[in-house]
Amino acid sequence: MKRIAFVFVFIVLSAIAVSNTADAQCAMCSVNAEQSVKNGNTQGNGLNTGILYLLAIPYVLLTGIGVLWYVKFRKRPTQGMS
């Protein structure tokens, strides 16, 4: 079990160490965000808020599933003790 945990942590740390930055916005979104900042509009703030909501949903779902799984398998009855 310790070996699996070590391999998992090693893979995660390796992926973080070698990650590159990426431009993940489409052309229309990036132009809209740049122009809104230059003109003093607040459309860029709305775009950033929407991106954060879309980013947070998978993490919230995975955290909820992890907590439910932990609670379910933590309460196993012990056998052999009377």
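This report concerns the structure included in the present document. (Residues numbered from 1 in each chain as written. Predicted model: local features only at pLDDT ≥ 70, side-chain atom pairs only at ≥ 80, totals over all residues. Heavy atoms only, no water.)

### Remarks on the overall build of the protein chain
A count of helices and strands for the protein chain gives three helices and zero strands. Counting helices and strands in the order they occur from the N terminus, the protein chain gives α-α-α. Considering the protein chain as a whole, with its 82 residues, one finds that 2% of them fall into the buried category. Split by element, the accessible area of the protein chain, about 8,200 Å² in all, is 68% carbon and sulfur. (Helix = DSSP H or I, 4+ residues; strand = E, 2+ residues; numbered from the N terminus. Buried < 20%, exposed > 50% of the residue type's maximum accessible area, 1.4 Å probe, protein only. Areas by Shrake-Rupley, 256 points an atom, 1.4 Å probe, with all protein chains shown as cover.)

### Let's talk about helix α1 (residues 2-17)
Helix length check: α1, at 16 residues, gives a terminal C-alpha distance of 22 Å against a target of 22 Å (1.5 Å per residue), a fit within 8%. The buried fraction of α1 amounts to zero of the 16 residues, a small share that puts the element mostly on the outside. (Expected span 1.5 Å × (residues − 1).)

Geometry only, nothing functional implied.
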